[in-house]
Amino acid sequence: MPEKEPQSCATPFRTMIGGQALIEGIMMLGPEKKSIVVRRPDGGLEIKTEERKLIKDRHPILGWPFIRGVVNFCTSMYTGVTALMYSAEFYPEDEAGEEEPSRFEQWLDKKLGSENAMSLFTTLAVILGMAFSVGLFFVLPTLLSGAIMYFFPAVPLWARNVVEGATRVVIFLGYLILCSKMKDIRRVFSYHGAEHKTIFCYEKGLALTVENVRIQPKHHPRCGTSFLFVVIVVSILLSSVVFAFWQFTNPWLRTLVHLALLPVVVGLTWEFNRYVGGHDNLFCRAVRRPGMAIQRWTTFEPDDSMIEVGIEALKQVLPKEKGKDQW
């Protein structure tokens, strides 16, 4: 028989706390603190907690609607890559011993210092990651549709927009499915499930115990995967409107237009997701459904040890003032 869900001790709510799965760990972002909890090879927990410094507090204009979406996306990328690199330090590829740093690494460490060198590596990793994503999900579909137009010049331009958009969705889904088949990535996706379940348990007002977290759903409506999918959908719709007025046929020119529209797409999508995440009506549930379906490839059932990591990571970022983290 399935376990009976315990009664909530508080009124259910939506929290602004979010997280990210890491290598054998989870990062949680609260309104005041950020925590990283990693399961060490010896079975213990490595806990790192620090105060959050929001850029909008220093530059209020960056917190304005639409602008804040682009800023939050970029800072989330940087924070996420930094956390991934930190968690990877506990599981080096060369388990026989630490490799000697290269001459280039030694030079950077000498010239910049270890912290600045790490910041540089993280920034480069973010830039390369974004370049890969833009190339895979924006440039490649544009070039493929351009090839179709080259061999079939009679195809109308609106059909090219459809092919380009469909190709983008297929590549995105194919990429997620392939990643989910990799053993190491699948384990990260199980930590993703632990993150979702822990947040669900907290939002229901239940005590943060392994038993209570285990029975929660693993698919969460405010998942970052859903955000990326909506980014692609919004980019398809927006570019279709733009190309309906300015009928560019050159694939490189179309690629430049896509790149120019990307900040607009991210800003619009962030505001849209913020609204959908904060409301529960027929429209919002319908819009969330595709993103929830995609999580079947990015979120798997965690074991109890993963759930323990999620619980500890969430506890570290809970605000002192009750309700400060509510949507």
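Computed from a predicted structure; not experimentally measured.

Chemist: Quick question: what am I supposed to make of the overall build of the protein here?
Modeler: Helix and strand counts for the protein stand at 11 helices and four strands. The buried share of the protein, taken over its 327 residues, is 38%. Of the contacts formed within the protein by residues at least 6 apart in sequence, a portion of 71% connects residues at least 24 apart. Accessible surface, the protein: about 18800 Å² in total, of which carbon and sulfur atoms supply 63%.

Chemist: Honestly, the packing of aromatic side chains in this entry has me stumped. Any pointers?
Modeler: Each aromatic ring pair is described using two quantities: the centre-to-centre distance and the angle formed by the ring planes. Under the counting rule described, the total for this entry stands at 10 aromatic pairs. With a centroid separation of 5.8 Å and 80° between ring planes, the pair formed by Phe137 and Tyr175 is classed as edge-to-face. Highlighted residues: Phe137 in helix 4 (residues 114-151) and Tyr175 in helix 5 (residues 157-180), separated in sequence by 38 residues. A residue is classified by how much of its surface remains accessible, and Phe137, at 9% relative accessible area, is buried. Each residue in the set Phe132, Phe137, Phe172, Tyr175 and Phe229 is aromatic and connected to the rest through ring pairs, giving one cluster. The ring of Phe300 has Arg186 sitting right over it, with the charged end atom 3.9 Å from the ring centre. Between Arg254 and the ring centre of Phe243, over which it is positioned, the NZ or CZ distance is 4.0 Å.

Chemist: Which parts of the structure should I look at to understand the environment of Phe90?
Modeler: Note that Phe90 resides in the loop between helix 2 (67-88) and helix 3 (103-112). For the pair Phe90 and Arg39, spaced 51 residues apart in the sequence, the C-alpha separation amounts to 8.6 Å.

Chemist: Looking at this model, I keep getting lost on the packing of helix 8 (residues 224-245) against helix 10 (residues 282-294). Mind explaining?
Modeler: Taken N-terminus to C-terminus, the directions of helix 8 and helix 10 make an angle of 115°; their axes are 8 Å apart at the nearest point. In terms of crossing hand, the pair formed by helix 8 and helix 10 is right-handed. Mapping the contact onto sequence places Thr225, Ser226 and Phe229 in helix 8 and Pro290, Gly291, Met292 and Ile294 in helix 10. Considering only residue class, the contact of helix 8 with helix 10 consists of four nonpolar, three polar and no charged.

Chemist: Help me understand the pairing of strand 4 (residues 45-51), please; the structure alone is not making it clear to me.
Modeler: Regular strands place their side chains on alternate faces of the sheet. With seven bridges connecting them, strand 3 (residues 33-39) and strand 4 associate as antiparallel partners. Bridging from a neighbouring strand, Ile36 pairs with Lys48 of strand 4. Linking strand 3 back to strand 4 in an antiparallel pair, the connection comprises five residues, with Gly43 at a positive phi of about 95°.

Chemist: Honestly, the environment of Tyr175 in this entry has me stumped. Any pointers?
Modeler: A relative accessible area of 34% means that Tyr175 is categorised as partly exposed. A C-alpha to C-alpha distance of 9.4 Å links Tyr175 and Leu136, two positions 39 residues apart in sequence. If we ignore the near neighbours within four places in the chain, the residues touching Tyr175 are Phe132, Leu136 and Phe137.

Chemist: Just to check I follow, could you spell out the side chain of Lys197 for this structure?
Modeler: Following the sequence through the fold, Lys197 ends up in helix 6 (residues 183-203). On the basis of relative accessibility, which here comes to 2%, the residue Lys197 falls in the buried class. Among the polar contacts listed, one links the side chain of Lys197 to the backbone oxygen of Arg214, at a separation of 2.8 Å. Setting aside its immediate chain neighbours within four residues, Lys197 contacts Val213, Arg214, Ile215, Gln216, Pro217, Lys218, Glu301 and Pro302.

Chemist: Please explain the UniProt feature "transmembrane region" (unreviewed entry) in the protein as it appears in this structure.
Modeler: What UniProt calls "transmembrane region" (unreviewed entry) maps, in this numbering, to residues 120-152, 158-178, 227-246 and 252-270. Between the C-alpha atoms that bound residues 158-178 there is a distance of 30 Å. The span itself is 100% helix and 0% strand. Here residues 252-270 runs as 100% helix and 0% strand, with 27 Å between its end C-alpha atoms.

What counts, and where the lines are drawn
Residues numbered from 1 in each chain as written. Predicted model: local features only at pLDDT ≥ 70, side-chain atom pairs only at ≥ 80, totals over all residues. Heavy atoms only, no water. Helix = DSSP H or I, 4+ residues; strand = E, 2+ residues; numbered from the N terminus. Buried < 20%, exposed > 50% of the residue type's maximum accessible area, 1.4 Å probe, protein only. Contact = heavy atoms within 4.5 Å. Areas by Shrake-Rupley, 256 points an atom, 1.4 Å probe, with all protein chains shown as cover. Phe/Tyr/Trp six-rings, centres within 6.5 Å; stacked < 30°, edge-to-face > 60°. Lys NZ or Arg CZ within 6 Å of the ring centre and 35° of its normal. Axes fitted to C-alpha atoms, helices over the stretch in contact; angles between N-to-C directions. Left-handed = near helix turned anticlockwise from the far one by under 90°. Nonpolar A, V, L, I, M, F, W, Y, C, P; charged D, E, K, R; others polar. Pairing = 2+ DSSP bridges. Polar contact = N/O pair within 3.5 Å; in protein donor to acceptor, adjacent residues only side chain to side chain. UniProt positions renumbered as here; feature names shortened; annotations may be inferred.

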